[in-house]
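One-letter residues, chain by chain:
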Protein chains: 2
Amino acid sequence: MTQKKQKSSPDPKTFPKLIIASTEESADLLYAGGFNAPDEFLYYETAEEKCIVVSPLEYARAAGEANPGVRVIERSQFIDKEKPGESIAVRLSLALGVDHWLVPGRFPLIEAEKLRSAGIEVTCCQADSFFPERERKTAAEVKAIRQSQAATEEIMREFRQILIDSKINARGYLEFHGKVLTSDFLRMELEGNFKRMGYTASRTIFAPGRQGAEPHNLGSGPIPADEPIVADIFPRSDTTGYWGDMTRTYVKGKASPVVKRAFKAVLKASEAAKKILHAGVTGAEAHQTAADVLTQAGFPTGCGRDGKPCGFFHGLGHGVGLEIHENPRLSPLNPHPLKSGNVVSVEPGLYYSNWGGIRLEDLVVITAKGIQCLNTMEMELEIP
Amino acid sequence: MTQKKQKSSPDPKTFPKLIIASTEESADLLYAGGFNAPDEFLYYETAEEKCIVVSPLEYARAAGEANPGVRVIERSQFIDKEKPGESIAVRLSLALGVDHWLVPGRFPLIEAEKLRSAGIEVTCCQADSFFPERERKTAAEVKAIRQSQAATEEIMREFRQILIDSKINARGYLEFHGKVLTSDFLRMELEGNFKRMGYTASRTIFAPGRQGAEPHNLGSGPIPADEPIVADIFPRSDTTGYWGDMTRTYVKGKASPVVKRAFKAVLKASEAAKKILHAGVTGAEAHQTAADVLTQAGFPTGCGRDGKPCGFFHGLGHGVGLEIHENPRLSPLNPHPLKSGNVVSVEPGLYYSNWGGIRLEDLVVITAKGIQCLNTMEMELEIP
């Protein structure tokens, strides 16, 4: 009896890896190459080497900025002047003798088709993460996120001080230095101050009153007294590329009883979630802990009389690093245990269209036994 | 004799169109939908309707911001709670009865594979542009770019004023308000001022001396007198999403003879290119006009003694709109005639590693008979 030779299919994880993107599109590219560029370039990783392939305009800068161990190649050598539209990836693959690449889920379809037409196989990464190691931050990465979070707290303190320094006018709106304070002014002024510190922030949320009932509403117009203002601030370092992210909700003046109760419930949910978080707990368990506290405090999640979702209808948190929203997620959809070195937001919230929203957000590093919190500012509601 | 029915393959342009991206990744998505969101959402266009499919968190905002005629759908209806990882695009296609999509070149490979596995065909757009009409700006778009360019000039004037107000210290560096003026300070300060005007600028170039010899070098460290400073400023409006883009090169103090000659040559190249630009001229012809002026002025393009490229080694210009670099290109690689309504940069430059760079950039609208320039600031070299 002859034994049939079984062809074992190789593990895709062992294929050479290829990314074609700009670092604005792909945090994986920035992570792997260390070089930040707004125009598309190419990264590959074989058993022999890690390499970025850049335009002649970028070569000198790339050579200075690339991660240690990453070789920088000028792409002209892969361009045939007679066929300028031809794929650099195809010529590179032929030059390297690579006949099968592993690529990220967001790899451009047109590049995959050019490679496949040239007889080079392309396997799309099916896992959540192209570089799963990105989810567990090194000490240097935690340091970079801590710096970004410190800058975030500096601007949050400035916002808090603006509230303290503001007066309430006869119509019930805040006035700062004699002018009605608006969300738009806060956003432009404080995002400007981030730039002065070497950070870029956009779409910063200052959502007053009922606007805060939509978690992604940026807020606009004058800021009223005695109503909650959701301030969600998330800058990215122009130097390191790592993000900060935090939220506080303040009321200038006196909060209504329901807002006070909601604030206490959200604070309690944050504390309960932080208490149970450690390596081994799943994202879903962490979420459920916070959700249960809110339900038990009398704030169920569901659909309001207006047909809109109300209560706590987003995930408890998300990974933060070179992307503002990355893995792992603290959400009912994540059954996987957290690992030490994960950096995640913890941001329970409550939203009701008749009065607005409360959200409180800190960043924490997951450790074997618990968490390390990257925030120092207390969670308080009323600003006198 | 029976006539064999010939199956004619339909024109891909007539297929329904599908985009899956964030608006940070895809200007096409922002153009088609009018709704700006940092998280991925879906746009489709069939013979019957144009539609965006967004998360429940974004629904209210999307309904308020989407372009007229674009329907907004909440995506939950396409999510099976039992199979949360399943493709929304597949369920949507089945619901719409679409069995063949046309998608952009940068469509995520993983989404294409999910659609194809479900029996839905996906054709990748082979043309340069998914929405070719994006290259010809409407009056409203020209107005938005004009606004962004006016903001850019405001900041350029501020930079020029800082140079005027700076003193030259004993070591030959600029001092502003008693402190040594650096590229880094200029970038943080002026990008901060953009934020205050409702614009976001990053990677703004203030490249002094030899740093200016690399066109993408951002510049760093103290600014010396008597050497060229390349200032390339390109903010994006936080409101409209349209970019501005301009470059001036100044010398605080006295320019060397070669820098003066290079400046005059670049200025002449800019004027010559603007003079021949109109609908019908190709991108390559416009580029060649500028390149010829520079060569004739004694500044040939080639390879320097240090092996680095020198002279005029980038394209003359690029389209500007919802992307900072978009079609059409003014480059040897673009044999296509320009069309009225194109908005392009005109930015000849000269780069030599022994003294640095000169680049002068305006934005122009292509018209039937010539151009409309969106800049008003003169091109001057020495700042006393």
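Note that the coordinates shown come from a computational prediction; the quantities given were computed from them, not determined experimentally. (Residues numbered from 1 in each chain as written. Chains lettered and ligands numbered in written order. Predicted model: local features only at pLDDT ≥ 70, side-chain atom pairs only at ≥ 80, totals over all residues. Heavy atoms only, no water.)

1. Description of the interface of chain B and chain A
How big an interface is tends to be reported as the loss of accessible area on association of its parts. Formally: The contact definition used throughout considers only heavy atoms, calling two residues in contact when any of these lie within 4.5 Å. Buried area is a sum: the accessible area each of two parts loses on coming together, probed at 1.4 Å, counted once for each and added. The salt bridge definition used is simple: a Lys or Arg side-chain nitrogen within 4 Å of an Asp or Glu carboxyl oxygen. Polar contacts, as used here, are pairs of N or O atoms within 3.5 Å; protein pairs need one atom able to donate a hydrogen and one able to accept it. Residues neighboring in sequence count only if both atoms are side-chain atoms.
Contacts between chain B and chain A engage 47 residues on the former and 47 residues on the latter. Interface area, chain B with chain A, both sides summed: about 4,000 Å², of which 52% is carbon and sulfur. Inspection of the chain B/chain A interface yields ten salt bridges. Summed over the shared surface of chain B and chain A, the result is 30 residue pairs in polar contact (both at pLDDT 80 or more).

2. Some words on the sheet that holds strand S9 (residues 179–180) of chain B
All names here are of chain B. Formally: A pair of strands counts as paired when DSSP detects no fewer than two bridges linking them. Strands here are runs of E lasting at least two residues and helices are runs of H or I lasting at least four, both read from the DSSP assignment and numbered beginning at the N terminus.
Strand order in the open sheet made by the three strands is S7-S8-S9, with antiparallel pairing throughout. Because the sheet does not close on itself, it has two edges, and the strands there are strand S7 (167–168) and S9. Looking at chain direction, strand S8 (residues 174–176) and S9 are connected through two bridges and run antiparallel. Paired with Phe176 across the two strands is Lys179, which belongs to S9.

3. Some details on the relation of the copies chain B and chain A
What counts here: Alignment of copies: least-squares fit on C-alpha atoms of residues with pLDDT of at least 70 in both copies.
The transform that puts chain B on chain A rotates by 180 degrees and translates by 0.0 Å along the axis, for an RMSD of 0.0 Å. Expressed as an axis order, the relation between the two copies is that of a two-fold axis. Relative to the rotation axis, the closest C-alpha in chain B is found at B:Gly192, a distance of 2.0 Å. Most of the interface of chain B is mirrored in chain A: 100% of its interface residues are interface residues there too.

4. Examining the environment of A:Val98
Residue and element names in this part refer to chain A. Turning to its location among the elements, Val98 is positioned in the loop between helix H3 (88–96) and strand S5 (100–103). A sequence separation of 22 residues divides Val98 from Ile120, and the C-alpha atoms of the two residues are 7.6 Å apart. Those residues in contact with Val98 that lie beyond four places of it in its chain are Pro16, Thr46, Ser93 and Ile120.

5. Observations regarding the sheet that holds strand S11 (residues 205–208) of chain A
Residue and element names in this part refer to chain A. Convention followed: Axis definition: a line fit to C-alpha positions, over the contact stretch in the case of helices; interaxial angles, taken between N-to-C directions, run 0 to 180 degrees.
One open sheet holds the four strands; their spatial order is S11-S12-S14-S24, and the pairing between them is mixed. Only two strands of the sheet have a single partner each, and these edge strands are S11 and strand S24 (382–383). Relative to strand S14 (residues 246–252), strand S12 (residues 228–233) is paired through six bridges, and the arrangement is antiparallel. The residue bridging Asp232 from the neighbouring strand is Thr247, located in S14. The strands that helix H6 (residues 183–196) touches are S11 and S12; relative to S11, the one it contacts most, it runs at about 160 degrees.

6. Concerning the confidence of the model for chain A
Residue and element names in this part refer to chain A. Our working definition: For every residue, the predictor assigns a confidence score, pLDDT, that lies between 0 and 100.
Chain-level statistics for chain A give a pLDDT mean of 94 and a share of 97% at 70 or above. In this model, residues 1–6 is a region of pLDDT below 50 whose contacts with residues beyond four sequence positions or in other chains number zero contacts. Our summary of model confidence lists the complex with pTM equal to 0.91 and ipTM equal to 0.89.

7. Brief notes about H6(A)
Residue and element names in this part refer to chain A. Spelled out, the test is: Given a helix with a known number of residues, its expected span is that number minus one, times 1.5 Å. The buried label goes to any residue with under 20% of its type's maximum accessible area, the exposed label to any with over 50%, and the partly exposed label to all in between, with areas taken from a 1.4 Å probe on protein chains only.
Compared with an ideal rise of 1.5 Å per residue, which puts 14 residues at 20 Å, H6 spans 20 Å between its outermost C-alpha atoms and is within 8% of the ideal. For H6, the complete set of buried residues consists of Ser183, Leu186, Arg187, Leu190, Glu191, Gly192, Asn193, Phe194 and Lys195. After H6 finishes, the residue Gly198 shows a positive phi value of roughly 90 degrees.

8. A closer look at helix H4 (residues 109–117) of chain A
Inspection of H4(A) places A:Leu109, A:Ile110, A:Glu111, A:Ala112 and A:Leu115 among the buried residues, and these make up the whole buried set. One or two positions beyond H4(A), positive phi appears at A:Gly119, with a value near 85 degrees.

9. Considerations on the environment of B:Asp292
Here B:Asp292 lies in helix H8 (residues 283–296). Along the sequence, B:Asp292 and B:Ala272 sit 20 residues apart, while their C-alpha atoms lie 9.7 Å from each other.

10. A short note on the side chain of B:Arg187
Residue and element names in this part refer to chain B. Structurally, the position occupied by Arg187 is in helix H6 (residues 183–196). Arg187 gets classed as buried once you look at its relative accessible area, which sits at 11%. Contact partners of Arg187, with chain neighbours within four places excluded, come to Arg203, Thr204, Phe206, Leu218 and Gly219.

11. Topic: unusual backbone geometry
All names here are of chain A. Each neighbour pair has its own omega, and for Asn327 with Pro328 the value is 0 degrees, a cis peptide bond. You can see Pro328 is positioned in strand S18 (residues 326–330). Although it is not a glycine, Asp226 adopts a positive phi angle of roughly 65 degrees. With respect to the helices, strands and loops of the structure, Asp226 is situated in the loop between S11 and S12.

12. Notes on the packing of aromatic side chains
Residues and elements named next belong to chain A. In plain terms, the rule: Pairing of aromatic rings covers Phe, Tyr and the six-membered ring of Trp, with a centre-to-centre limit of 6.5 Å; geometry is then stacked below 30 degrees between planes, edge-to-face above 60, and tilted otherwise. Cation placement over rings: the criterion is NZ of Lys or CZ of Arg within 6 Å of the ring centroid and within 35° of the ring normal.
Evaluated as defined, the whole model comprises 24 aromatic pairs over all chains. Among the aromatic residues, those joined into a cluster by ring pairs are Tyr31, Tyr43, Phe130 and Phe131. The cationic tip of Lys17 hangs over the ring face of Phe130; the distance from NZ or CZ to the ring centre is 5.1 Å.

13. Digging into the packing of helix H7 (residues 257–276) of chain A against helix H8 (residues 283–296) of chain A
Residue and element names in this part refer to chain A. Rules: In this scheme, roughly parallel covers angles under 35 degrees and roughly antiparallel covers those over 145, while 65 to 115 is roughly perpendicular and the rest are oblique. Crossing handedness: left-handed means the near helix sits turned counterclockwise from the far one by under a right angle, and right-handed means the same turn made clockwise.
Interaxial distance between H7 and H8 falls to 8 Å at its minimum, and their mutual angle equals 150 degrees. By the angle class used here, H7 and H8 are roughly antiparallel. Where H7 crosses over H8, the two elements pack in a sense that is right-handed. Contact with H7, carried on its side by Ala265, Val266, Lys268, Ala269, Ala272, Ala273 and Ile276, involves Glu285, Ala286, Thr289, Ala290, Val293 and Leu294 of H8 and no other residues of that element.

14. Brief notes about the pattern of salt bridges
Applying the stated criterion across every chain, the model contains 42 salt bridges over all chains. Residue A:Lys195 is joined to B:Glu191 by a salt bridge in which the shortest nitrogen-to-oxygen separation is 2.7 Å. With A:Lys195 in helix H6 and B:Glu191 in helix H6, this pair bridges two chains. For B:Glu191, a relative accessible area of 3% corresponds to the buried category. Salt-bridge contacts for B:Arg61 lead to B:Glu58; the nearest nitrogen and oxygen are separated by 3.0 Å. A relative accessible area of 10% means that B:Arg61 is categorised as buried. Classification of B:Glu58 by relative accessible area gives buried; the value is 5%.

15. Some thoughts on the nonpolar core
Using the following cut-off: We call a set of buried residues a nonpolar core when its members are Ala, Val, Leu, Ile, Met, Phe, Trp, Tyr or Cys and they connect through side-chain atoms within 4.5 Å of each other.
Core analysis: the largest hydrophobic core is formed by 45 residues, its most contacted members being A:Leu18, A:Leu42, A:Tyr44, A:Leu115, B:Leu18, B:Tyr44 and B:Leu115. Beyond its immediate stretch of four places on either side in the chain, A:Tyr44 contacts A:Lys17, A:Leu18, A:Glu49, A:Lys50, A:Cys51, A:Val53, A:Arg71, A:Ile73, A:Leu92, A:Leu96 and A:Trp101. A:Val259, A:Leu267, A:Val281 and A:Val346 belong to the second-largest nonpolar core, a separate cluster that totals 35 residues.

16. A short note on the packing of helix H3 (residues 88–96) of chain B against helix H4 (residues 109–117) of chain B
All names here are of chain B. Closest axis-to-axis distance for the H3/H4 pair is 9 Å, and the angle between their directions is 45 degrees. Of the possible angle classes, the one that applies to H3 and H4 is oblique. Relative to H4, H3 is oriented so that their crossing is right-handed. Counting all contacts with H3, which are made through Ala89, Val90 and Ser93, the residues of H4 involved are Glu111, Lys114 and Leu115.

17. Let's talk about the pairing of S18(A)
All names here are of chain A. The sheet contact formed by strand S17 (residues 317–319) and S18 spans three bridges and is antiparallel. In the strand pairing of S18, Gly319 is matched with Glu326. What sits between S17 and S18 in their antiparallel hairpin is a turn of six residues.

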